[in-house]
Amino acid sequence: MTDAFSRCHPILNFFYFAVVLGFTMFIQHPVYLAVSFVAATAYSMWLNGVGKVLKINFLLTIPSLLIVALLNPMFNHYGVTPLLYIESSGNWVTLEALVYGIVLGCVLFIMILWFSCYNQIMTSDKFIYLFGRIIPAMSLMLSMALRFVPHFIAQLKVIRNGQKCVGMDVSNGKWFKKVRYALNMVSILVTWALENAIETADSMKSRGYGLKGRTAFSIYRFNRRDKILGGMLAVLFVVSGYGCYHGAAFSQYNPRILLAGFTIFGRVPRQSCSPVLAVITFISFGIFCFLPLMLDLSEEYAMKKSRSHVHSEMTVTYRQIYEELANEMEGEHK
Amino acid sequence: MSRKKKGLALWLALFLGVSSLTGCGSGNDNMTQLSQKGAEIMNSSDEEQDADVEPLKTKTQLPEDGIITQAQMETIAGKDEKFYFVGKTDSGIGYKWTYNGSQIQNPVEQKLLVQCTEDGTEEIKKAANNAPYALKVTLEKMNLAAPAKLTLNLKEEWNADKVLYCLEENGKIYQLDTAKISTRESGKKKVKRTTLTFNVTKTGGDFYLIGGSTTGEAADDQADDETKDNTKDNAKGEDTQSKDNKSTGSSSDQADTDRNPTSGQDGSSADNSSGDTSGSGDSSDEDTAMTCTFSIECSTILNNWNDLKESKAEFVPADGWILYPSEVEFYEGETVFDVLKRVCNEAGIQMESEWTPMYNSYYVSGINNLYEFDCGKDSGWMYCVNGWYPNYGCSKYTLEDGDTVEWRYTCNLGRDVGDQYYD
């Protein structure tokens, strides 16, 4: 909770991620994906650290991107540019399917980056705060489901440590015993999970979760900064949404590749959009994506500025004191 | 620890992504609609398989209700042999159904009861340029297990040189097939009677046999036709007697084997190989060069233009024909799918198919970039051979010389292209 955006009202956080994820998913125009990619990478690096993001991307996401990109042309054969004939089924591997596979892989990649930011900003208490009263059961279930895997892994570690102490870990014994120990651990884990789910539900019920008139503990206030930020987000969203509706980000990969603003194999999209609107849409979408990062950076900058000021004043004072003390000490010694 | 967590979450997301990708790409749900047909048939056949059924003989007398059960049909499915079902209408007209066992892949119950009447055919006669003969044939609603041939032994003689098998719809008459005419002499008095044979590809409702002479209106001309017919039939009659060892001497069998030599359409290889030389024109060198008429069309889209995806509009030809009917050579044992594959490849037409283990066949999802569901939720590609829409996949249908294969795009689960399965 160090960055400025996560201290904003949860509704702004949620709105931002909903829009950004939605645009990335449904607008598959390469230029917009590039903007989304740069923004997601920058924000993810800002929140999670450069090294970690790079490591995960190179080890997991890029290979999976390649797999997805190659899977699509293997199973889909639409398109007008044949590349390779498959004798048995009479299908062609087409350029269009290959390109769409790459685009889909990129979408997946960018979505993962955005979700790594989402997990940092939209904590489960924020989610419950937003939706706990409108859809109590659903929001509790969602927040439980979202933390299910990390929770499970943490508990598995606890169980494994316990089993290790009694010499029944997977690393003990021969392979038959190993399997038995592993299955035993799984059994413990499942039992715990079932019990835990009931316990959570019971404890939430005993606290009156979802009852009428119950207030949620929250320290969120929709203040002036939230109003300004919310207004900006809303305006940018409306502008870019309007532009996309009018074809500024039109993209089609099946059966022919058509992209707004590009001429591909001598063809342009049927629905044409004025270049001015296209540029405005592009810029507003870019600003929208970068807004939290800009907020963070500006806050960081302001903080640094004032901190450096404080730091310099303090150092001067203390240095003087220390120097004086040191001088005195030296004088005494001599 | 946290890195591990993240890794697992990532793999989970990846898995979801990949599965959704393949799901929306070529989708299993895509296939459910049109191919449901096959599934239903398969399920029901499994249920009834263990019931003990007497295998059908080459010639079967139809029961009173005219129903041949699915289990009975199963006993002849895939056999390279012809099977006959014989019955008599209430008005005394004998009829005989002929099924080719090799064309039955998905046996379904057959309701083979036929009723014939001349009542109410006056209007039809009038509509068909005052044709002298007409007969209403009523067939029960069913799904044909294979294209069947129906032979009617009329009680009187028709002095006609052309008999059309027609369907009447909204006051218009559509020709389904041209019946083959032959005359037999039966009884002690040697009364001449007409036998009509035609292919049935539709069932359920009233059909009409309209007979007349095409050469002229005068009575003299008709008389000429009569003699012509007789000579022709006599010549053929000799052939059939010497060849067909299945023939029990009954008049109905004679009619069946009596084939018009000029039409190669129904010359099945199974029959020809048994030494039938009566149709000397069509059975000459079929091992080397066999041809079929092949066409691909999507004219139904033109009537449902509003349902069509905008991006696919450019792939619909103005007249609906992607491939005009053309003679295509093929080799012994090739299926409809093999020919489609080759034709599309040679003509540069895009085509996509998926192997579907459930139906043990390839499923053609798109031709010329027009895919299933591109023109409404009930749209997709269907194939029909000689007017019949098989109830099994296109890579299970082995072609025979002279077959007419039509690939047609439907926007309404086959109803708009003449398939009756979902009626």
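Residues numbered from 1 in each chain as written. Chains lettered and ligands numbered in written order. Predicted model: local features only at pLDDT ≥ 70, side-chain atom pairs only at ≥ 80, totals over all residues.

1. Concerning the overall build of chain A
Phase 1 of the analysis: From N to C terminus, chain A includes 10 helices and 4 strands.
Phase 2 of the analysis: What you see in chain A, going N to C, is helices and strands ordered as α-α-α-β-β-α-α-α-α-α-α-β-β-α.
Phase 3 of the analysis: For 334 residues, the compact-globule estimate of 2.2 N^0.38 gives 20 Å, and chain A exceeds it by more than 25% at 28 Å.
Phase 4 of the analysis: Each principal axis of the C-alpha distribution contributes one length, and for chain A these read about 95 × 65 × 60 Å.
Phase 5 of the analysis: Long-range pairs, those at least 24 residues apart, make up 68% of the contacts in chain A with a sequence separation of at least 6. (Helix = DSSP H or I, 4+ residues; strand = E, 2+ residues; numbered from the N terminus. Rg over C-alpha atoms; globule rule 2.2 N^0.38 Å. Contact = placed C-beta atoms within 7 Å.)

2. Some thoughts on the nonpolar core
Phase 1 of the analysis: Counting 87 residues, the largest nonpolar core has V336, V339, L340 and I367 of chain B as its most contacted members.
Phase 2 of the analysis: If one sorts the elements of this core by residue count, helix α4 (residues 95–121) of chain A sits on top with 16 residues.
Phase 3 of the analysis: Residue contacts for V336 of chain B: discarding those within four places in its chain leaves Y383, V385, C394, Y397, L399 and V405 of chain B.
Phase 4 of the analysis: A131, L144, A146 and L164 of chain B belong to the second-largest nonpolar core, a separate cluster that totals 44 residues. (Core = buried A, V, L, I, M, F, W, Y, C linked by C-beta atoms within 7 Å. Buried ≥ 20, exposed ≤ 12 C-beta atoms within 10 Å, placed from the backbone.)

3. Here we look at the packing of helix α1 (residues 10–26) of chain A against helix α5 (residues 124–131) of chain A
All names here are of chain A.
Phase 1 of the analysis: Two numbers describe how α1 lies on α5: the axes approach to 9 Å, and their chain directions differ by 100 degrees. Relative to α5, the element α1 is oriented roughly perpendicular. Of α5, the residues touching α1 (which contributes P10, I11, N13 and F14) are K126, Y129 and L130.
Phase 2 of the analysis: Partitioned by chemical class, the residues of the contact of α1 with α5 number 5 nonpolar, 1 polar and 1 charged. (Axes fitted to C-alpha atoms, helices over the stretch in contact; angles between N-to-C directions. Parallel < 35°, antiparallel > 145°, perpendicular 65-115°, else oblique. Nonpolar A, V, L, I, M, F, W, Y, C, P; charged D, E, K, R; others polar.)

4. Overview of the pairing of strand β15 (residues 351–356) of chain B
Phase 1 of the analysis: Sheet topology places β15 of chain B next to strand β16 (residues 361–367) of chain B; 6 bridges connect them, and they run antiparallel. For S353 of chain B, the partnering residue across the bridge sits in β16 of chain B and is V364 of chain B. (Pairing = 2+ DSSP bridges.)

5. Some thoughts on the sheet that holds strand β18 (residues 380–385) of chain B
All names here are of chain B.
Phase 1 of the analysis: Across the sheet, which stays open at both edges, the 4 strands sit in the order β14-β13-β19-β18 with mixed pairing between neighbours. One side of each edge strand has no neighbouring strand; the edge strands of this open sheet are β14 (321–330) and β18. Between one strand and the next, the sheet's axes are offset by a mean angle of 15 degrees, whatever the strand orientation.
Phase 2 of the analysis: Direction of pairing for strand β13 (residues 290–297) relative to strand β19 (residues 404–410): parallel, over a ladder of 5 bridges. Across the sheet, the residue bridging to E297 is R408, located in β19.
Phase 3 of the analysis: Lying over the sheet, helix α9 (residues 336–347) contacts β13, β14, β18 and β19, oriented at roughly 115 degrees with respect to β14.

6. Topic: the UniProt feature "transmembrane region" (unreviewed entry) in chain A
Phase 1 of the analysis: Mapped onto the present numbering, the UniProt feature "transmembrane region" (unreviewed entry) falls at residues 14–44, 56–75, 95–115, 127–149, 181–198, 228–248 and 276–297 of chain A.
Phase 2 of the analysis: Secondary structure across residues 95–115 of chain A divides into 100% helix and 0% strand, with the first and last C-alpha atoms of the span separated by 30 Å. (UniProt positions renumbered as here; feature names shortened; annotations may be inferred.)

7. A short note on the packing of helix α3 (residues 50–75) of chain A against α4 of chain A
All names here are of chain A.
Phase 1 of the analysis: Contact pair α3 / α4: the axes reach a minimum separation of 7 Å and the direction vectors enclose 150 degrees. By the angle between their directions, the pair α3 and α4 is classed as roughly antiparallel. Remark: the crossing between α3 and α4 carries right-handed chirality. Mapping the contact onto sequence places T61, L65, L66, V68, A69, L70, L71, N72 and P73 in α3 and A97, L98, Y100, G101, I102, L104, G105, C106, L108, F109 and I112 in α4.
Phase 2 of the analysis: Residues that form the contact of α3 with α4 fall into these classes: 16 nonpolar, 4 polar and no charged. (Left-handed = near helix turned anticlockwise from the far one by under 90°.)

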